[in-house]
Amino acid sequence: MRGIRISGWGIAVPDKVVTNDDMALNLDTSDAWIVERTGIRERHIGGTTSGLAIEAGQAALDCAGRTAAEIDHLVLATTTPDGIVPGTAPSVQHALGIKGGAFDINAACSGFVYGLVTAAGLIAAGSGPIMLIGSETLSNITDMNDRAIAIIVGDGAGAVIIEPVDGAGGLLSWNLNSDGSLRHLLKCEHGGTLFMDGKEVFRKAVRVVVESAERAMADAGLGPDDISLLVPHQANLRIIQAACQRLGIPEERTAVVIDRYGNTSSASIPLALHDAIVGGRVHDGDHLLLTGFGGGMTWASAVLRWGG
Ligand code: UT7
């Protein structure tokens, strides 16, 4: 039996910081409205999905003390690929010098958890170390003149190195879910811009996050008191707060970076995870509950035991 552990982490965000006051210069909005309704104070805008992924991936390699040649496969979660064909992962693989297969996963904001489970499956099937990245340039598919969506999006990337370990490893439980009948709630056609029925996505998100997170805890044989850190997708602070309350996990045990990065889709969970790790909030033996939701709709949760 082969399981996984995470041995390295890194992030990348564009240099350009756009504050809520900057947004209010062009849009009929205000810092007070954005902070109250979303928890966002600023976001980074710019770069390319591959460029951010390369930077985050290299940082994760350096952190793990690994060279690219030691990585077997690259899994890249993104909703904003550089192009339609080829995938963005091969560009990242080539730039970093990783040897094996490289492919994109598009599961919208659940992409990082989908990627984690995919990486664990590859490792169970015999793969060596895997690089998993969530990278997004949502600003490229957003109408920055539409205040309903422009204020929530941000660009960035987060990467981890996932190593094989003998035995069950750290992925204690997981579930991946989707419901394509809800695809109209959050979508972007070829050449178009993002559309989101914010209110309806909000309502559904709280329900599905709680249901899938509770299932992941039960499958791991854990309750809310056993979770050291909740690492949720960063879509809206009010969604995170509502989920915490319903799950019985205090907000103090939650990784929140939405104030600095906005909603970065599949990059948001690794950005939040990285912030918690470098902030000294993650220790060997801790149980981390990762949970994401987004367009599709897709939603997914996983429980990780850290270290080992
Ligand atoms: O990442 C994957 C999934 N995405 C999400 O989970 C996002 C979920 N949805 C949301 O986060 C929220 O629905 C939004 C932040 C997008 C919107 O917040 P809301 O509290 O649902 O606002 P709303 O759309 O119901 O609008 C309330 C009012 C409206 O005015 P009236 O009709 O009450 O006069 C809007 O026109 O706020 C107005 N409004 C704004 N005002 C200032 C909408 N956007 C803005 C804005 N600034 N940017």
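Residues numbered from 1 in each chain as written. Predicted model: local features only at pLDDT ≥ 70, side-chain atom pairs only at ≥ 80, totals over all residues. Heavy atoms only, no water.

## As for the packing of aromatic side chains
Per the stated rule, a full pass over the model turns up one aromatic pair. With 5.7 Å between their ring centres and 45° between their planes, W9 and W306 make a pair best called tilted. One end of the pair, W9, is in strand β1 (residues 2-12); the other, W306, is in the segment after β13 (298-305), and 297 residues separate them in sequence. (Phe/Tyr/Trp six-rings, centres within 6.5 Å; stacked < 30°, edge-to-face > 60°. Helix = DSSP H or I, 4+ residues; strand = E, 2+ residues; numbered from the N terminus.)

## Examining the packing of helix α7 (residues 198-219) against helix α8 (residues 237-247)
The interhelical angle for the contact between α7 and α8, taken along N-to-C directions, is 40°, at an axis separation of 9 Å. Judged on the interaxial angle alone, α8 and α7 are oblique. Seen from above, α7 lies across α8 with right-handed handedness. Between α7 and α8, the contacting residues are F202, A205, V206, V209, V210, A213, E214 and M217 on the first element and R238, I239, A242, A243, R246 and L247 on the second. (Axes fitted to C-alpha atoms, helices over the stretch in contact; angles between N-to-C directions. Parallel < 35°, antiparallel > 145°, perpendicular 65-115°, else oblique. Left-handed = near helix turned anticlockwise from the far one by under 90°. Contact = heavy atoms within 4.5 Å.)

## Section: the domain arrangement of the protein chain
Its domain assignment divides the protein chain into domain 1 (2-166) and domain 2 (171-305). Facing 47 residues of domain 1, the contacting portion of domain 2 comprises 43 residues. The largest per-residue losses of area from domain 1 upon contact with domain 2 belong to C109, V113 and Y114, which jointly make up 17% of the total buried on that side. Linking domain 1 with domain 2 are zero salt bridges. (Domains from an automatic or database assignment. Buried area = accessible area lost by both parts, 1.4 Å probe. Salt bridge = Lys/Arg side-chain N within 4 Å of Asp/Glu carboxyl O.)

## Comments concerning the site of the ligand
Contacts to the ligand come from 23 residues, most closely from T29, R37, K199, N236 and N263. Separating a nitrogen atom of the ligand from a side-chain N or O atom of W33 is a distance of 3.4 Å. Side-chain polar atom of R147 to an oxygen atom of the ligand: 2.9 Å apart, as the coordinates give it. If the ligand stood free it would expose 950 Å²; the protein chains cover 72% of that surface. Among the elements of the structure, α2 (31-38), α6 (147-150), α7, α8 and β12 (287-294) are those that each provide at least two residues to the shell around the ligand. No other element matches the four residues that α7 contributes to the shell around the ligand. Among the residues making up the shell around the ligand, the classes are represented as eleven nonpolar, seven polar and five charged. (Near = heavy atom within 4 Å. Polar contact = N/O pair within 3.5 Å; in protein donor to acceptor, adjacent residues only side chain to side chain. Areas by Shrake-Rupley, 256 points an atom, 1.4 Å probe, with all protein chains shown as cover. Nonpolar A, V, L, I, M, F, W, Y, C, P; charged D, E, K, R; others polar.)

## Thoughts on the sheet that holds β1
Taken together, five strands build an open sheet; the order of strands is β1-β7-β6-β4-β5 and the sheet is mixed. One side of each edge strand has no neighbouring strand; the edge strands of this open sheet are β1 and β5 (102-105). Strand-to-strand twist of the sheet, defined as the mean angle between neighbouring strand axes without regard to direction, takes the value 20°. Bridge count for β1 against strand β7 (residues 155-166) is ten bridges, and the pairing is antiparallel. Residue pairing across strands places G3 opposite V165, the latter belonging to β7. (Pairing = 2+ DSSP bridges.)

## Here we look at the environment of T291
Mapped onto the elements of the fold, T291 is located in strand β12. What makes T291 buried here is its relative accessible area of 1%. Considering only alpha carbons, one finds T291 and G97, 194 residues apart in sequence, at a separation of 31 Å. Contact partners of T291, with chain neighbours within four places excluded, come to V209, S212, L230, V231, P232, H233, I269, A300 and S301. Within the structure, the side chain of T291 is placed 2.9 Å from the side chain of S301, a separation counted as a polar contact. (Buried < 20%, exposed > 50% of the residue type's maximum accessible area, 1.4 Å probe, protein only.)

## Here we look at the sheet that holds strand β8 (residues 171-178)
Pairing between the strands of a sheet comes from backbone hydrogen bonds, and it takes one of two forms, parallel or antiparallel. Pairing within the open sheet is mixed, and its four strands lie in the order β8-β13-β12-β11. Edge positions in the open sheet fall to β8 and β11 (229-232), since each of these has one partner strand only. Between one strand axis and the next, the sheet turns by 10° as a mean value, whatever way the strands run. Bridge count for β12 against β13 is eight bridges, and the pairing is antiparallel. Directly across from F293, in β13, lies its bridge partner W299. Packed onto the sheet, α7 meets β8, β12 and β13 and runs at close to 35° relative to β13. Packed on one face of the sheet, helix α10 (residues 268-278) meets β11 and β12 and runs near 150° to β11.

## Things to note about the side chain of T29
With respect to the secondary-structure elements, T29 resides in the loop between α1 (20-26) and α2. Once residues within four sequence positions are removed from consideration, T29 is found in contact with M23, A24, I34 and I151.

## Things to note about unusual backbone geometry
The residue after V85, namely P86, is reached through a cis peptide bond having omega 0°. Along the chain, P86 falls in the loop between β4 (73-77) and α4 (89-96). In this chain, G296 is followed by M297 through a cis amide linkage whose omega measures -15°. Note on placement: M297 falls in the loop between β12 and β13. The residue A108 is not glycine, and still its phi comes out positive at about 50°. Relative to the assigned elements, A108 resides in the loop between β5 and α5 (111-124).

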